[in-house]
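Residue strings, one per chain:
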Amino acid sequence: MAKTPKDSLTILTDIVLPADTNPLGNLFGGELLGRMDRACSISARRHSHAIVVTASVNHVAFNKAVPVGSVVTIEAKVSRAFKSSMEIYVDVWIEDRESQIRSKVNEGIYTFVAVDKNGKPIAVPQIEPETALEKERYEGALRRKQLSLILSGKMKPTDADELRALFVG
Ligand SMILES: CC(C)(COP(=O)(O)OP(=O)(O)OC[C@H]1O[C@@H](n2cnc3c(N)ncnc32)[C@H](O)[C@@H]1OP(=O)(O)O)[C@@H](O)C(=O)NCCC(=O)NCCS
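This report concerns the structure included in the present document. Fair warning: this is a prediction, and the values are worked out from it, not measured in the lab.

## Points about the sheet that holds strand β1 (residues 10-15)
An order of β1-β3-β4-β5-β2 is seen for the five strands of this open sheet, with the pairing classed as antiparallel. Because the sheet does not close on itself, it has two edges, and the strands there are β1 and β2 (51-62). When strand polarity is set aside, the average angle formed by the axes of neighbouring strands in this sheet is 25°. Judged from the 10 bridges that link them, β2 and strand β5 (residues 102-115) form a sheet pairing that is antiparallel. Opposite His59, over in β5, you have Ile109 as the bridge partner. Against the sheet, helix α2 (residues 132-151) contacts β2, β3 (71-81), β4 (85-95) and β5, and its axis sits at roughly 75° relative to β3.

Spelled out as structure tokens, the structure:
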């Protein structure tokens, strides 16, 4: 049965401590990547009810530095499911201490694969996007999957129909 992105919504809220920072006093990129990976992993697990592994990190944009003491909220949702793989979109926010207003600092796109106890890929439920943003992310997911497979040497560019359509029209 198909599921919605909301079913896999995962929200991790945590504070940035001095041990998590680089010499400028901002959150260390690797620490943020780890937190994003954990949120995506939980999201993929909620969607598939299976063991999941990270297959690729397709995109991460470190748009703004995250200063020590920040309260960071990481929100991950499955944007599209294929046969055994799932694309997970993760958005990262910080909140202003006084106003509590949130601003988006980073985002990432991860691919997870559901596997059995022997690490063999298994089928996952499909996704039915609901909101305009979920629909936009769903639509682009096949292009991003094909690009990721080409970059990892697992697909020939000539086989990437969806990607080619973007350029040929
Ligand atoms: C991810 C993994 C299970 C894929 O296994 P595989 O033998 O390549 O299996 P397949 O070729 O059938 O690929 C399975 C799915 O992953 C997708 N996939 C594999 N590599 C991908 C990549 N780089 N980008 C996007 N999707 C990818 C395939 O397209 C396929 O998707 P689909 O079933 O939805 O169509 C396997 O490579 C693995 O176990 N890797 C290690 C994972 C891990 O330990 N991660 C933590 C790193 S520390």
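Read on for the rest.
## Structural notes on the packing of α2 against helix α3 (residues 161-168)
Packing of α2 against α3 brings their axes to within 7 Å, and their N-to-C directions diverge by 110°. By the angle class used here, α2 and α3 are roughly perpendicular. Facing Leu142, Arg143, Gln146 and Leu147 of α2, the residues of α3 in contact are Glu162, Leu163 and Leu166. Looking at the contact of α2 with α3 residue by residue, the classes come out as four nonpolar, one polar and two charged.

Definitions and cut-offs
Residues numbered from 1 in each chain as written. Predicted model: local features only at pLDDT ≥ 70, side-chain atom pairs only at ≥ 80, totals over all residues. Pairing = 2+ DSSP bridges. Helix = DSSP H or I, 4+ residues; strand = E, 2+ residues; numbered from the N terminus. Axes fitted to C-alpha atoms, helices over the stretch in contact; angles between N-to-C directions. Contact = placed C-beta atoms within 7 Å. Parallel < 35°, antiparallel > 145°, perpendicular 65-115°, else oblique. Nonpolar A, V, L, I, M, F, W, Y, C, P; charged D, E, K, R; others polar.

Just distances and angles here, no functional claims.
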